[in-house]
Amino acid sequence: MKATGVVRRIDDLGRIVIPKEIRKILRIKEGSPLEIFTEKEGDIILRKYSPIGEISNFSSEYVESLAKITDLIAIVTDKDMVIACSGTQKKDILEQKISSELEKIMDKRETLITDESTAIPITEKGNKDKECKSQVIVPIISDSEVTGSIILIAKELDTKLGKNEEQIAKIAASFLGNQMEI
């Protein structure tokens, strides 16, 4: 745990204000769900809640199957980080923060198909060598909220992804969204 040096008082309704700087760094927006944990020593821990994180084991198995069947890189993200990937070196991308560009695409709730000239970085690291290929990005929607995305990426630079891959990604996104509602 890292001390911030910020001290806040609880108001008469039991509320506490999280400083704007911390909200910005952690990408906490108005309405963002937070989980509350307590420890024996009396510590209270707030953590961004990720409904898709609860099915991360299932997501991992799902992207393994997607990658095998399609021969593409398959990735599942929540609103903050990559939670499952297959078809690429996991250490390069797994549990990395997503890029602000990807976050904006998810917020628009639109499907995006790119080629190597319009490809967007998946993570903040923006590993261009591995990500500048054709991509299909589909937001995962659960209970009418965007909870993450499913991304298919071509392994070869000259491969163009199209309507078939878009449909596969949409099916995957719909399936994962439905799993979170169960």
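Definitions and cut-offs
Residues numbered from 1 in each chain as written. Predicted model: local features only at pLDDT ≥ 70, side-chain atom pairs only at ≥ 80, totals over all residues. Heavy atoms only, no water. Pairing = 2+ DSSP bridges. Helix = DSSP H or I, 4+ residues; strand = E, 2+ residues; numbered from the N terminus. Axes fitted to C-alpha atoms, helices over the stretch in contact; angles between N-to-C directions. Contact = heavy atoms within 4.5 Å. Buried < 20%, exposed > 50% of the residue type's maximum accessible area, 1.4 Å probe, protein only.

**Side note on the sheet that holds strand 4 (residues 82-86)**
The strands that make up a sheet pair up through hydrogen bonds in the backbone, lying either parallel or antiparallel. The sheet built from 5 strands is open, its strands ordered 4-3-7-6-5 with antiparallel pairing. Edge positions in the sheet fall to strand 4 and strand 5 (112-114), since each of these pairs with one other strand and no more. Pairs of neighbouring strands in the sheet enclose a mean axial angle of 15°, with direction left out of account. Strands in contact with helix 2 (residues 56-70) are strand 3 (73-78), strand 4 and strand 7 (145-153); relative to strand 4, the strand with the most contacts, it is inclined by about 30°. The strands that helix 4 (residues 100-108) touches are strand 3, strand 5, strand 6 (135-142) and strand 7; relative to strand 7, the one it contacts most, it runs at about 120°.

**Section: the pairing of strand 4**
Counting buried positions along strand 4 gives 5 out of 5 residues, so the element sits mostly inside the fold. In terms of strand pairing, strand 3 meets strand 4 through 4 bridges, oriented antiparallel. Residue pairing across strands places Ile-75 opposite Cys-85, the latter belonging to strand 4.

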